[in-house]
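Chain by chain, the residues run as shown.
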Amino acid sequence: MTDQSPPPESMIAGPGVPVIRNVNWGGLWTLYVKEVRRFFKVQLQTVWAPAVTTLLFLVVFTVALGGGGRTVTLGDSAIPFANFLAPGLIVMGMLQNAFANASFSLLVGKIQGTIVDYLMPPLSTGELLAALCGGAVTRAFCVGAAVWLAMALWPGVSVTPAHFWAILWFGFLGSLFLALMGVLTSIWAEKFDHAAAVTNFVVAPLALLSGTFYSVDRLSPLFQAISHANPFFYIISGFRYGFLGVADSPILVGSAVILALDIALALACYALLRSGWKIKS
């Protein structure tokens, strides 16, 4: 007979004592990988198609509209229109895909009756929220990298980073902001039409009217005030600063605004997930 030593005391839990006492890193990582694999299995649709669509915006505005000799004034600098436009298009693609990824997971589970796959595993509310947002942020950066690569190969456009930290920071804050909005939408929505309505009437207008295609300094004071009330404006302005070294708004103010909104949305999503509103019967 072989001598089998008993398991260490750290692996034995008494009655009523949880085995996972802190963060369930294994479960968190597993759900995150599941979310990444879900969109990566159809990467032609989820990563490369958005990159092509975003590149077409650049082609239309720089070629079809004869934007090759145009410049945009930011501060004291005259920026070629294509170089001004490119960062905004990159981050806009990131934001839209972060929202699309996060708004799909729980919603499809509710519609197909597989929501139990998210609720039954030994994951806390925070771990569930972190994994869902992590998958959405990962997709956003994959799309951003694909769009950046396509634009780097496009003649007449310079997308060389000036402040790499700003690209990562505002890319992360913006992607997380839209991921949390997507989770909030998937909790509220009962069918795909509800999520599509948020995309078409909230996300798309805010993204398009945030200074992606123009400098807000050229607008009237009223519309400048409206633009400064749009959180997408601060995301795009900060992200553009990472490439051009100049921005439409103070970087610290934009960073503080988006960070505060991320915290507020995270708390709202956490409270709703914990309560089981529209998720648990």
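Chemist: Tell me about the nonpolar core, and name the residues and values.
Modeler: Counting 75 residues, the largest nonpolar core has L106, M151, L178, V183, F239 and L273 as the members making the most contacts within it. Look past the residues within four positions of L178 in its chain and what remains in contact with it is L95, A98, F99, V203 and F232.

Chemist: Quick one: what's the story with the packing of aromatic side chains, residue by residue and with numbers?
Modeler: Taken as a whole and judged by the stated rule, the model has 8 aromatic pairs. Centre to centre, the rings of W165 and Y241 are 6.3 Å apart; their planes meet at 65°, and the pair counts as edge-to-face. A residue pair is termed long-range when its members are at least 10 positions apart, and W165 in helix α6 (residues 164-188) and Y241 in helix α9 (residues 231-244) qualify at 76 residues. W165 sits in the partly exposed class, given a relative accessible area of 49%. Between the aromatic rings of F177 and F232, the centroid separation amounts to 6.2 Å while the plane-to-plane angle is 80°, which identifies the pairing as edge-to-face. With a gap of 55 residues between them, F177 in helix α6 and F232 in helix α9 connect regions that are remote in the sequence. Here the two residues F177 and F232 agree in accessibility, since each one is buried. When the ring centre of F84 is taken as origin, the NZ or CZ atom of R240, which lies over that ring, is 3.8 Å away.

Chemist: Go over α9, please, and point to the residues and values.
Modeler: Here α9 is 14 residues long and its end C-alpha atoms lie 20 Å apart, about the 20 Å a rise of 1.5 Å per residue gives. Along α9, 14 of the 14 residues are buried, which leaves the element largely enclosed by surrounding structure. At the N-terminal boundary of α9, the capping side chain belongs to N230, with an oxygen 3.0 Å from the backbone nitrogen of F232. Of the residues flanking the end of α9, it is G245, one or two places downstream, whose phi is positive at about 80°.

Chemist: Quick rundown of the side chain of T46? Include the residues and the values.
Modeler: Counting through the fold element by element, T46 comes out in helix α2 (residues 43-64). What makes T46 buried here is its relative accessible area of 6%. A polar contact is formed between the side chain of T46 and the backbone oxygen of F39, at a distance of 2.7 Å. The residues touching T46, leaving out its near neighbours within four places in the chain, are F39, N97, R139 and V143.

Chemist: Can you break down the pairing of strand β2 (residues 77-80) residue by residue, with the values?
Modeler: The pairing of strand β1 (residues 71-74) with β2 spans 4 bridges and is antiparallel. In the strand pairing of β2, T73 is matched with A78. Following β1, the chain reverses through 2 residues before pairing antiparallel with β2; G75 in that reversal takes a positive phi of roughly 65°.

Chemist: Would you mind going over the packing of helix α1 (residues 25-40) against helix α5 (residues 125-152) in detail, with residue names and values included?
Modeler: Direction vectors running N to C along α1 and α5 enclose 35°, while the axes themselves pass 8 Å from each other. Considering how the two elements wind past one another, α1 and α5 form a crossing that is right-handed. Residues L28, L31, Y32, E35, V36, F39 and F40 of α1 pack against E127, L128, A130, A131, L132, G134, G135, T138, R139 and C142 of α5. Here the contact of α1 with α5 is composed, by residue class, of 11 nonpolar, 3 polar and 3 charged.

Rules of the game
- Residues numbered from 1 in each chain as written.
- Predicted model: local features only at pLDDT ≥ 70, side-chain atom pairs only at ≥ 80, totals over all residues.
- Heavy atoms only, no water.
- Core = buried A, V, L, I, M, F, W, Y, C linked by side-chain atoms within 4.5 Å.
- Buried < 20%, exposed > 50% of the residue type's maximum accessible area, 1.4 Å probe, protein only.
- Contact = heavy atoms within 4.5 Å.
- Phe/Tyr/Trp six-rings, centres within 6.5 Å; stacked < 30°, edge-to-face > 60°.
- Helix = DSSP H or I, 4+ residues; strand = E, 2+ residues; numbered from the N terminus.
- Lys NZ or Arg CZ within 6 Å of the ring centre and 35° of its normal.
- Expected span 1.5 Å × (residues − 1).
- Polar contact = N/O pair within 3.5 Å; in protein donor to acceptor, adjacent residues only side chain to side chain.
- Pairing = 2+ DSSP bridges.
- Axes fitted to C-alpha atoms, helices over the stretch in contact; angles between N-to-C directions.
- Left-handed = near helix turned anticlockwise from the far one by under 90°.
- Nonpolar A, V, L, I, M, F, W, Y, C, P; charged D, E, K, R; others polar.

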